[in-house]
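Tertiary structure, described
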Amino acid sequence: MVAWRPSWLAKGRGEAAAGEGRNGGREIRRRRGENGEIRGRRLKPGAEYAYATSFLAKLLVHLAMEKSLSLRIRTKAPTTSERGDGRENTTDNGVQDYQEDETEQEEPLSPFARLYHTPCLNSCIVVILGFVTTVDVDVLKAHFAKYLSQHRRFSSKLEFDTENGKKPRWVLTKVNLDDHVIIPDVDPDTKNLDRFIEDYATDLSNKPFDLSKPLWEFHVLKIRTSNAEAIGFFRVHHSLGDGMSLLALTLSMSRKSSNPDEFPSIPTPIRKIRKSGDGGPYRYLVALWSMLQLIWNTLVGFTLQLATIFFLKDTVTPLRSGKVDERSPKRIAYRLVSLDDIKFVKNEMNTTINDVIVGLTNAALSRYLHDVCEEGSIRAKRVFHMKKLRLRGIVAVNVREAITIQDLVDVVEKGSKCKWGNVAGCILIPFHVNTEKEPLEYVRRAKLLIDRKKLSLEAKLSYYVVAGGVKLLCLKMIAAIMYRVLCNTTLMFSNVVGPVEEIDFCGHRVAYIAPTARNGSGHPPGLVMHLMSYMNKMSVAVCANEDLIPDPHKLLDDFEQSLDLMKKAAVQRKPNRKGQF
């Protein structure tokens, strides 16, 4: 019987001869010569340990490569051409049918997908789509059968088989679109339909998922509101992907309204390309200073995150109670504001849209806290000493490499540069809570803060620490750490860049897009804000704890009023004698 061994063990130096070594049993490396005689040389004392270590290292690398290859082969879904039988994945009745072996259907969960299924971080995403025309359900199902059949996440169910010692995994299954595309009956005499849409989104976010089928649903309400002729709700569990992944899926299922053959376009950041001779002899000093700033900002940001885990807490305000009540419900509300006004303030202040959005959020939170404190019994405390308040937000940041529109469209296919899933880190942003006399001062402060965060690796470091901690440490430990960060901060915040022109989603023209997320009833933080741009509009959606924020529309009103004040202040700006504002 011949024992198996890797081919690289016998490369270059011939076959090693059996037998004991000379000189007191010391090992001798031997090789056979051309005439068959045994040649060899004596190893130095202790060299056998070096050879043994090298052998074990190469063996482990070889086994790891084979394990990775076998896992890749097992998780790959065969296409029609690979099966060779001409069968498609979708049947005539809209049911996606997979006939692979059981080993080919399984795929393990990513670290972040496992986190989002823990009790304290269980989250779902609800995207509200307003349509210009009524929705044809048959056309919608046909597009879902065409595009979602290519994506494993939306064609797999989650299985927890802890009794047999298996980890949670995705398993390909038959997808019946009738179970995922839902058309509820709506009372035609319903009043205040805009409020009814928010109530319906709130009920969807509080409803648990059925684990016997893929974790997504699309609800269609054939009602007319002030901004749309019909409403769609795309409900997805957060373990399937983050905002960038869902944006990629939406773009792959959409086309430009002006040209049905082209994909939608989204603005990409413009990177300045410096020439090799720019900066003169001082460019090395500038590069060294930038590197030192990068290291310092990263250390400061990550240290504050560690301090938040252990002892650093935000001040108790009407936005944060400091206590967790599992029975506290959460409510969703959204508002559409003018993106052109935000761009006007951006151009006048020579900043970015993100700077203006952070400044607007800061101004809205300051106005809300000031009004609530003035109306309540805590007025005698001089509005909490608002200048001394510690109020911070957790901002989700995409840590993928620079991507193009084609990378987003190809994310559902193998070999795309854009990773699918939850690939986002987080940074902590402090908000300066104060009623500024100059509205544009909020934007100036936000620009200084965002510039420091841009020159930092805080987001990437937090992503890799969490992902590595789930793999190397205990899942419950990492979930408890992230939950503690949520408990010690006030709000979560994110901004997603959407298409710049009108699009058709699954053959239906879209009026607006408003995404939001819910992280469990009663779970912190008490306020979650999501913003997304689309054409000349910006949707602002909040998910608020009703015990803390009984009327989230008051916060949205403050956001809209802050934008109006900033626009008026930008119009009234006058240059000084030097031509500066």
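Once a new chain begins, its residue numbering starts again from 1 and follows that chain's sequence as written. Since the coordinates come from a predicted model, pLDDT governs what is reported: local features require at least 70, and pairs of side-chain atoms require 80 or more to be given and counted, while whole-chain, interface and lining totals use all residues. Remark: hydrogens and water are excluded; side-chain values derive from all non-hydrogen atoms of the structure.

1. A word on helix α9 (residues 339–349)
Those residues of α9 not exposed but buried are Leu339, Asp341, Ile342, Val345 and Met349. Projected onto a plane normal to the axis of α9, the buried residues spread over an arc of 160° and lie on a single side. N or O atoms closer than or at 3.5 Å make up a polar contact, with two conditions inside protein: a donor-capable atom paired with an acceptor-capable one, and, for residues adjacent in sequence, both atoms drawn from side chains. Strands here are runs of E lasting at least two residues and helices are runs of H or I lasting at least four, both read from the DSSP assignment and numbered beginning at the N terminus. In this structure Ser338 caps α9, since a side-chain oxygen of it lies 3.4 Å from the backbone nitrogen of Asp340. Asn350 sits one or two positions beyond α9 and adopts a positive phi of about 55°. Per-residue accessibility, obtained with a 1.4 Å probe over protein chains only, is compared with the maximum for each type, and a residue is labelled buried under 20%, exposed over 50%, and partly exposed between these values. This arc describes the spread of directions from the helix axis toward the C-beta atoms.

2. Let's talk about the sheet that holds strand β7 (residues 169–172)
Paired strands are those between which DSSP finds at least two bridges. Read across the open sheet, the three strands follow the order β4-β7-β6; overall the sheet is antiparallel. One side of each edge strand has no neighbouring strand; the edge strands of this open sheet are β4 (106–108) and β6 (156–159). Averaged over all adjacent pairs, the angle separating strand axes in this sheet is 30°, with direction ignored. Relative to β7, β6 runs antiparallel, the two being bridged by four bridges. Lines fitted to the C-alpha atoms define the axes, with helices restricted to the stretch that makes contact. Angles between their N-to-C directions range from 0 to 180 degrees.

3. Quick notes on the sheet that holds strand β11 (residues 230–237)
With mixed pairing, seven strands are arranged side by side in an open sheet as β9-β10-β11-β5-β18-β17-β12. Either end of the sheet is taken by a strand with one partner, and the two such strands are β9 (181–182) and β12 (254–256). In this sheet, β11 lies alongside strand β10 (residues 216–221) in antiparallel orientation, the contact comprising six bridges. Bridging across to β11, Glu217 finds its partner in Arg235. Contacts were defined at the residue level, with two residues in contact if any of their heavy atoms lie within 4.5 Å. The strands touched by helix α7 (residues 243–252) are β5 (124–131), β11, β12 and β17 (503–505); relative to β12, the strand with the most contacts, the crossing angle is about 60°.

4. Overview of the nonpolar core
Note on terminology: a nonpolar core comprises buried Ala, Val, Leu, Ile, Met, Phe, Trp, Tyr and Cys residues joined through side-chain atoms within 4.5 Å. Formed by 67 residues in total, the largest nonpolar core has its most connected members in Leu115 and Leu527. With nine residues, the top contributor of residues to this core is helix α10 (residues 353–375). Leaving out residues up to four positions away in the same chain, Leu527 has contacts with Leu365, Thr490, Leu491, Met492, Val542, Cys543, Ala544, Ile549 and Leu555. Grouped together as the second largest cluster of nonpolar side chains are 65 residues, Phe144, Ile197, Ala517 and Cys543 included.

5. Overview of the pairing of β11
Burial of β11 is extensive: eight of the eight residues sit out of reach of the surface. Residues Ala230, Gly232, Phe234 and Val236 line one face of β11 and the alternating positions Ile231, Phe233, Arg235 and His237 line the opposite face, and both faces are buried. Pairing of β5 with β11, which is carried by eight bridges, proceeds in the antiparallel orientation. Note that in β11 the partner of Cys124 across the bridge is His237.

6. Thoughts on a nonpolar patch on the surface
On the surface, a cluster of nonpolar side chains totalling about 410 Å² of accessible area is made up of Leu472, Leu473, Met477 and Ile481. Positionally, Leu473 belongs in the loop between α13 (458–472) and α14 (475–487). We classify Leu473 as exposed; its relative accessible area is 52%. Any residue with relative accessible area above 30% and no salt bridge may belong to a patch, with like charges joined within 9 Å and the nonpolar Val, Leu, Ile, Met, Phe, Trp and Tyr side chains within 5 Å. Method for areas: the Shrake-Rupley scheme with a 1.4 Å probe, in which residue coverage is limited to the protein chains shown. The term salt bridge refers to a pairing of a side-chain nitrogen on Lys or Arg with a carboxyl oxygen on Asp or Glu at a separation within 4 Å.

7. Some words on helix α8 (residues 283–310)
Because each turn of an α-helix spans 3.6 residues, side chains separated by three or four positions end up pointing in the same direction. The end-to-end C-alpha distance of α8, which contains 28 residues, comes to 41 Å, matching closely the 40 Å that a straight helix rising 1.5 Å per residue would cover. Inspection of α8 places Asn297, Thr298, Gly301, Phe302, Gln305, Ala307, Thr308 and Ile309 among the buried residues, and these make up the whole buried set. Along its buried surface, α8 packs onto β14 (391–398), β15 (424–431), α12 (441–454), α13 and α14. Here the expected span of a helix is defined as 1.5 Å times the quantity of residues minus one.

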